Amino acid sequence: MSGVRLLVGTRKGAFVFTSDGSRRDWSTEGPHFAGWEIYHLKGSRADPDRIYASQSSPWFGQVVQRSDDGGRSWRAVGNAFSYEGKAGSHQWFDGTPHPWEFARVWHFEPSADDPDAVYAGVQDAAIFCSTDGGGSWKELPGLRGSETGSRWQPGAGGMAVHTILLDPADRRRLFVAISAAGVFRSDDGGETWRPKNKGLHSDILAEPEAEVGHCVHRIAQHPARPATLFMQKHWDVMRSDDAGESWIEVSGDLPSDFGFPIALHAHEPDTVYVVPITSDSVHYPPEGRLRVYRSRCGGGEWEPLARGLPEAHCYVDVLRDAMDVDHLDPGGVYFGTTGGQLYGSADGGDHWRAIAEHLPAVLSVEVQDLP
Amino acid sequence: MTRRRGPGPDRAVTEPHEAQDVRVVLPLHLRDLAGVEGEVSVMVAGSVTQRSVLDALEARFPVLGGTIRDRATARRRPFLRFFACEEDLSDEPPDAELPEEVASGHEPFIVLGAIAGG
């Protein structure tokens, strides 16, 4: 493995950072698509030069960009996301029916073995698939049309499929997470879906342990142990050891169990990273100290990681898709902030360095391991 | 309702089914997306309307599909406005004829992004 490439989506463009295996010095390319919101970029594991980018704007809507040369050049591909059949309605904030309306792509998840196959998680919550490299998109309507779909409600940021996990042990199994509906699993390649939220407790709901309605911010899965999932919920850090059939809380001694991202060490399935945020009303780190917290035992016991991170007067947030890991040894961890800082650690979080400090607000960070 | 404006003093009325070269001004981000600089022109056959101009624009620059009109509803995206001849035509019906000055190529059809700060 010769290096690492970071794909960084921001409020005003995309950036690509590249380094060799030492991860000390980084080259910067960008902004690509200057002035546009780039919710997410993700590369194909089957072909690292193939990258998909979600480019959007309140003015001009959704554009999908694709690179075939590792992010040096791009071309727009298909941006027609049409819900299958009658769109129907979900619940609006006040509980009244609201028609399903496409707004943007939040997340791309390329297939593990076909660069032309990619899933898109969108707002209003649905999952689409392309098998022609993003040229055309087809909804997998079983998710939106599942039994509970008409009861889903948006969170403050909208109602979106923001996480898609493709189970490495079972090609027919997929997980998605939706704010604010919860986790859903398909065991038949995305045709049918069931909610997997047993054990979640959300005081904001009329029924705190309801089947759906939980504001799941992010879920993560380790390829070496695919039945174990970790979750950062609106409040609470959770863990499932039965592929989402049941969840237990592992917030333990975190200073706050509110947050957005959650990530797993590439080589240690029990090493979990979160970034505690003060509360749902105060979106910055507790006491203005930016700290990643690491658990080396699968949750419950957490240690602060602060070396190289701001120790005072830091009032940024870290969004749900803005943390990822590399697969080098020792494993690296990276995250971006709404204040435009991009931090990296080449030793599993023990020491951090700023890779960039003055970017637009960071929306997503994805890591590519380069051959 | 359809609107038809008279031709400029030195212009003859355009024949209704003659293909016409219509000038279009796009905002910066759409020019970047389309890979063009400055105005673009599109050939419009038949009546020169918002719909026929935008259809011709999207045919010439497929990447602009969905960026000016919502793909699901075909309606103008809410933060965009249409102007020509110093008039706001945004709320005109899409099949209303545009001013003759646009059809004749004397004036451009302008797609403008709403102003927003921050």
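Since we're looking at a predicted model, the values are computed, not measured.

Scoring rules and cut-offs
- Residues numbered from 1 in each chain as written.
- Chains lettered and ligands numbered in written order.
- Predicted model: local features only at pLDDT ≥ 70, side-chain atom pairs only at ≥ 80, totals over all residues.
- Helix = DSSP H or I, 4+ residues; strand = E, 2+ residues; numbered from the N terminus.
- Buried ≥ 20, exposed ≤ 12 C-beta atoms within 10 Å, placed from the backbone.
- Contact = placed C-beta atoms within 7 Å.
- Pairing = 2+ DSSP bridges.
- Nonpolar A, V, L, I, M, F, W, Y, C, P; charged D, E, K, R; others polar.
- Core = buried A, V, L, I, M, F, W, Y, C linked by C-beta atoms within 7 Å.
- pLDDT = per-residue confidence, 0-100.
- Axes fitted to C-alpha atoms, helices over the stretch in contact; angles between N-to-C directions.

A few words now on the overall build of chain B. Assigned secondary structure in chain B consists of 3 helices and 5 strands. Seen in sequence order, chain B has helices and strands lined up from the N terminus as β-α-β-α-β-β-α-β. Of all 118 residues assigned to chain B, the portion counted as buried reaches 30%.

Our focus in this paragraph is the overall build of chain A. The helix and strand inventory of chain A stands at 0 helices and 30 strands. If one aligns the C-alpha atoms of chain A with their principal axes, the spans along those axes are about 50 × 45 × 40 Å. Counting the 371 residues in chain A, one finds 53% classified as buried. Taking as baseline every contact in chain A between residues at least 6 positions apart, the subset at least 24 positions apart corresponds to 50%.

In this section: the environment of His267(A). Residue and element names in this part refer to chain A. The topology assignment puts histidine 267 in the loop between strand S22 (262–264) and strand S23 (272–274). For histidine 267, a count of 15 C-beta atoms within 10 Å corresponds to the partly exposed category. In this structure the C-alpha to C-alpha distance between histidine 267 and glycine 133, which are 134 residues apart in sequence, comes to 30 Å.

A few words now on the pairing of strand S18 (residues 216–222) of chain A. Two faces, one strand: in a regular strand the side chains alternate between the faces of the sheet. All names here are of chain A. Of all 7 residues making up S18, 7 are buried, and the element is well covered by its neighbours. As paired elements, S18 and strand S19 (residues 225–233) share 6 bridges and run antiparallel to each other. Bridge pairing in S19 places valine 216 opposite lysine 233. What sits between S18 and S19 in their antiparallel hairpin is a turn of 2 residues.

In this complex, chain B contributes 14 residues to the contact, which on the side of chain A involves 14 residues. Top element by residues in the side of chain B that touches chain A is helix H1 (residues 28–34) of chain B. It accounts for 3 residues. In terms of residue class, the side of chain B that touches chain A is built from 7 nonpolar, 5 polar and 2 charged.

Residue and element names in this part refer to chain A. Residues of strand S27 (residues 333–336) alternate between two faces, with Val333 and Phe335 on one and Tyr334 and Gly336 on the opposite face, all of them buried. Strand direction decides the pairing type here: strand S26 (residues 323–325) and S27, joined by 3 bridges, are antiparallel. When the sheet's bridge partners are listed, valine 325 is paired in S27 with valine 333. Here 4 bridges tie S27 to strand S28 (residues 342–345), and the two strands are oriented antiparallel to one another. Of the residues in S28, the one forming a bridge with tyrosine 334 is glycine 344. Connecting the antiparallel pair S27 and S28 is a turn made up of 5 residues, with glycine 340 showing a positive phi of about 90°.

Time to look at the environment of Met323(A). Looking at the element boundaries, Met323(A) is found in strand S26. Between the alpha carbons of Met323(A) and Thr28(A) there is a distance of 18 Å; along the sequence they are 295 residues apart.

Below, the discussion takes up the sheet that holds strand S21 (residues 248–249) of chain A. All names here are of chain A. If you trace the 4 strands from one edge of the open sheet to the other, you get S18-S19-S20-S21, paired in antiparallel fashion. In this open sheet, the two edge strands, each paired with only one partner strand, are S18 and S21. Across 4 bridges, the pairing between S19 and strand S20 (residues 237–240) is antiparallel. When the bridges of S20 are listed, leucine 229 appears paired with serine 240.

Once that is clear, we can look at the nonpolar core. If you look at the biggest cluster of nonpolar residues, it comprises 127 residues, and the most contacted ones within it are Val8(A), Val122(A), Val161(A), Val176(A), Ile178(A) and Val53(B). Of the residues forming this core, the biggest block, 5 residues, is contributed by strand S15 (residues 174–179) of chain A.

Another aspect to go through is the environment of Trp152(A). Residues and elements named next belong to chain A. Mapped onto the elements, tryptophan 152 comes out in the loop between strand S13 (138–139) and strand S14 (160–166). For the pair tryptophan 152 and glutamine 91, spaced 61 residues apart in the sequence, the C-alpha separation amounts to 5.8 Å. If sequence neighbours within four positions are ignored, tryptophan 152 has contacts with His90, Gln91, Ala125, Met159, Ile178, Ala181 and Val212.

Moving on, we get to unusual backbone geometry. Leave glycine aside and you will find that most residues have negative phi; peptide bonds, for their part, are mostly trans. Looking along the chain, the bond that leaves Ser179(A) and enters Ala180(A) is cis, with omega of 0°. Looking at where Ala180(A) falls in the secondary structure, it is placed in the loop between S15 and strand S16 (182–186).

To continue, consider helix H2 (residues 50–60) of chain B. Here H2(B) has its buried residues at Gln50(B), Ser52(B), Val53(B), Leu54(B), Ala56(B) and Leu57(B). In this structure, the buried side of H2(B) is in contact with strand S1 (20–25), strand S2 (40–44), strand S3 (80–84) and strand S5 (109–113) of chain B.

Residue and element names in this part refer to chain B. Residues of chain B with pLDDT of at least 70 account for 84%, and the chain-wide mean is 87. Predicted confidence for residues 1–14 stays below pLDDT 50, and this span has 25 contacts to residues more than four positions away or in other chains. Listed scores for the predicted complex are pTM 0.94 and ipTM 0.89.

Moving on, we come to the sheet that holds strand S3 (residues 27–32) of chain A. Residues and elements named next belong to chain A. Read across the open sheet, the 4 strands follow the order S3-S2-S1-S30; overall the sheet is antiparallel. Two strands in the sheet have a free side with no partner beyond their single neighbour: S3 and strand S30 (362–370). Geometrically, the sheet is characterised by an average inter-axis angle of 15° between neighbouring strands, direction not taken into account. Here strand S1 (residues 3–10) runs beside S30; their pairing, made up of 8 bridges, is antiparallel. Directly across from leucine 6, in S30, lies its bridge partner valine 367.

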